[in-house]
Amino acid sequence: MLQLIREIRKNRELIWALALKELHVRYKRSALGFLWALLNPLLMMIILTMVFSTVMRVPVHNYPIFLISTLLPWTFFSQSLAYSVESIVSNGDLLKKVYVAKSVFPIAAVISNLINFLLSMIPLVLLLVVFRFPFHRTWFYLLVPFVSLLLFTLGCGFFFAMVNVFFRDMSHILQIVLQAWFYFSPVIYSLDFVPARYRPLFRLNPLAYPLNGFRLAIYYGQLPTWQSMVMSLACGFGALIIGYKLFQRSQDNLVFYV
Amino acid sequence: MSDFDKVRRIERICFQDVVQRFRLIQERPDTLREAFAHLFRKQTSYHDFEALKGISFIIREGEAVAIVGRNGSGKSTILKIIAGVYRPTAGQVRISGQVGALIELGAGFHPDLTGRENIVLNGLLLGLSRREIHAREQKILDFAELGDFIDSPVKQYSSGMFMRLGFAVATEIDPDILLIDEILAVGDETFQRKCAERIEDFRRRGKTIVFVSHNLGAVRQICHRALMIDGGLLFADGPVDEVVSDYEQRMQGRFEQRPHASAVPSA
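Residues numbered from 1 in each chain as written. Chains lettered and ligands numbered in written order. Predicted model: local features only at pLDDT ≥ 70, side-chain atom pairs only at ≥ 80, totals over all residues.

Within chain A one finds 12 helices and zero strands. Ordered by position in the sequence, the α and β elements of chain A form the string α-α-α-α-α-α-α-α-α-α-α-α. Here chain A has a C-alpha radius of gyration of 19 Å; the compact-globule value for 258 residues is 18 Å, and the two agree. Projecting the C-alpha coordinates of chain A onto the three principal axes gives extents of approximately 55 × 45 × 35 Å. Residues counted as buried form 41% of the 258 residues belonging to chain A. Restricting to contacts in chain A with at least 6 residues of sequence separation, those with at least 24 account for 79%. (Helix = DSSP H or I, 4+ residues; strand = E, 2+ residues; numbered from the N terminus. Rg over C-alpha atoms; globule rule 2.2 N^0.38 Å. Buried ≥ 20, exposed ≤ 12 C-beta atoms within 10 Å, placed from the backbone. Contact = placed C-beta atoms within 7 Å.)

What follows is the structure, encoded as structure tokens:
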């Protein structure tokens, strides 16, 4: 863990430059450029709202806000993983020629999506204004789910980036895993919708805690139980420690397989 | 270099019984399906290949050392270990000072970024800080001579422009140890002359140079000492003229041993 902090400190300029490059390249050739970071979650929200609120008539007030409060963090998570999983493999040529701390690539992939995530808070705020939805004081609490989610994402990012070097199937498997994870997580619904006897099963999902934290703070204006906060942070730190350890253990071998 | 000098000068590169083993895999299980297939067949279809079989040498500050040897003898592996790309399987490697590699120019360039943006990104990848890069930016621009192209994406560059920029960034970081792998073979004459001048400048300033090349003329010109590698073993280490002529004789010998087609008696 200390090692990771040291690596990030030492390479902070490189990580930042790589993250910005990622965004730069992603938006450079599109007419709307950075606006896509704002438009994307809005369009996604409109589609999902049409399906679940209008067609399936989910009995939730202000469903768009209910949805977007977890859709944004989810999108951050899934996009980060989609980028991380390829981050080492796609920089393979470079790694074979110069020495670079390998951890910078998954970190930069997560950071670039983090910037996107923070930008996407703008449409969220606009939406709240348009819907005349109150800004709860619990917004201040958002820091806890935010940090938990960031740590959890980084840990997963390290893991998938490393495994994909040895098994290229991982990037394909990840797509399916993410899709299943999306429906298994409280994004389009909340845990209250789940029949009581299945709920323990859904609590096994480490993402459920930070996602629930986001929704409680933004939509319900409530604080989660302290157990839920602890679980949320514990899952984040746990994932990061395990993911980074595994990554570190094989990082000297990565260059032979990329 | 006198013995007295040798004691005083800092050891820049120290290899001690360095072994580099690669796992050569005939059918590497690239995908899970293959991995499962291998699991069930329970056969290992790889063998270990030793690119370096225990190599020891010391290179001190201010030395310009060539590594000569046939293709596949392990020259590039040595450079990659010095650069920190490979971690050796066994043995000790000590490097002191910053290493700069002219191994593949522009390795970290991103085609969609402009020359200027790539200077920054590449500099960061090579271990400089943003401030250090900005301090060197003008010199890099001067050397690369790209004119207005500096603000165009590098994918629009000619291969010569690409090379010039890559060379400028790699040498402007002003490393203590400069690794050169067959670099002078690229570019036009002006560029080659500029490269040669710059390398000469490195040498005069007492930097350490490790040079891998098949161009024995360039080797003789740049280096004063040479290592001969064959099959992952160190065969000779000494003044460049001796080692290179020894190497030339060996190569000659190899060719003479091979029977000419016309010399093979036909049935």
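So, next bit.
This brings us to the overall build of chain B. Along its length, chain B carries nine helices and nine strands. Per-residue burial over chain B gives 38% buried out of 267 residues. Put simply, of all contacts in chain B between residues at least 6 apart along the chain, 73% involve residues at least 24 apart.

The subject of this paragraph is the interface of chain B and chain A. Taken together, the contact between chain B and chain A spans 25 residues of the former and 19 residues of the latter. If you list the elements that add at least two residues to the side of chain B that touches chain A, you get helix 2 (32-41) and helix 4 (115-125) of chain B. If one sorts the elements of the side of chain B that touches chain A by residue count, helix 4 of chain B sits on top with four residues. Here the side of chain B that touches chain A is composed, by residue class, of 15 nonpolar, five polar and five charged. (Nonpolar A, V, L, I, M, F, W, Y, C, P; charged D, E, K, R; others polar.)

On to the sheet that holds strand 3 (residues 64-68) of chain B. Residues and elements named next belong to chain B. Here we have six strands laid out as an open sheet, ordered 5-6-7-3-8-9, and mixed in their pairing. Looking at which strands have only one partner, the edges of the open sheet turn out to be strand 5 (99-102) and strand 9 (233-239). Averaged over neighbouring strand pairs, the angle between their axes works out to 15° when direction is ignored. The pairing of strand 8 (residues 225-230) with strand 9 spans six bridges and is antiparallel. Considered in strand 9, the bridge of Arg-225 is made with Pro-239. The sheet strands contacting helix 7 (residues 189-204) are strand 3, strand 6 (177-181) and strand 7 (208-212), and the helix crosses strand 7 at an angle near 140°. (Pairing = 2+ DSSP bridges. Axes fitted to C-alpha atoms, helices over the stretch in contact; angles between N-to-C directions.)

All names here are of chain B. For the pair helix 6 (residues 159-172) and helix 7, interaxial distance at closest approach is 11 Å and the crossing angle is 5°. Judged on the interaxial angle alone, helix 7 and helix 6 are roughly parallel. Contact residues: Gly-160, Met-163, Arg-164, Phe-167 and Thr-171 in helix 6; Phe-191, Cys-195 and Arg-198 in helix 7. Its residues placed into classes, the contact of helix 6 with helix 7 shows four nonpolar, two polar and two charged. (Parallel < 35°, antiparallel > 145°, perpendicular 65-115°, else oblique.)

Turning next to helix 11 (residues 208-220) of chain A. For the α-helix, the turn length of 3.6 residues means that residues three or four positions removed from each other point alike. Residues and elements named next belong to chain A. The element helix 11 is largely enclosed, with a buried count of 12 among its 13 residues. All of the buried residues in helix 11 are Ala-208, Tyr-209, Pro-210, Leu-211, Asn-212, Gly-213, Phe-214, Arg-215, Leu-216, Ala-217, Ile-218 and Tyr-219. Packing partners of the buried residues in helix 11 comprise helix 4 (63-90), helix 8 (143-166), helix 10 (199-203) and helix 12 (226-257). Gly-221 occupies a position one or two residues after helix 11 and carries a positive phi of about 65°.

Residues and elements named next belong to chain A. Along the chain, Phe-105 falls in helix 6 (residues 104-119). Exposure remark for Phe-105: the 27 C-beta atoms within 10 Å place this residue in the buried category. Measuring from C-alpha to C-alpha, the distance between Phe-105 and Val-89 comes to 9.8 Å, with 16 residues separating the pair along the chain. Excluding anything up to four places from it in sequence, Phe-105 contacts Ser-87, Ile-88, Asn-91 and Ala-161.

Take the confidence of the model for chain B next. Across chain B, pLDDT averages 83, with 84% of residues at or above 70. Here the complex is predicted with pTM 0.87, and the ipTM for its interfaces comes to 0.82. (pLDDT = per-residue confidence, 0-100.)

Here helix 2 (residues 12-27) of chain A spans 23 Å end to end across 16 residues, near enough to the 22 Å set by a 1.5 Å rise per residue. Residues of helix 2 of chain A that are buried include every one of Leu-14, Ile-15, Ala-17, Leu-18, Ala-19 and Glu-22 of chain A, and no others. (Expected span 1.5 Å × (residues − 1).)

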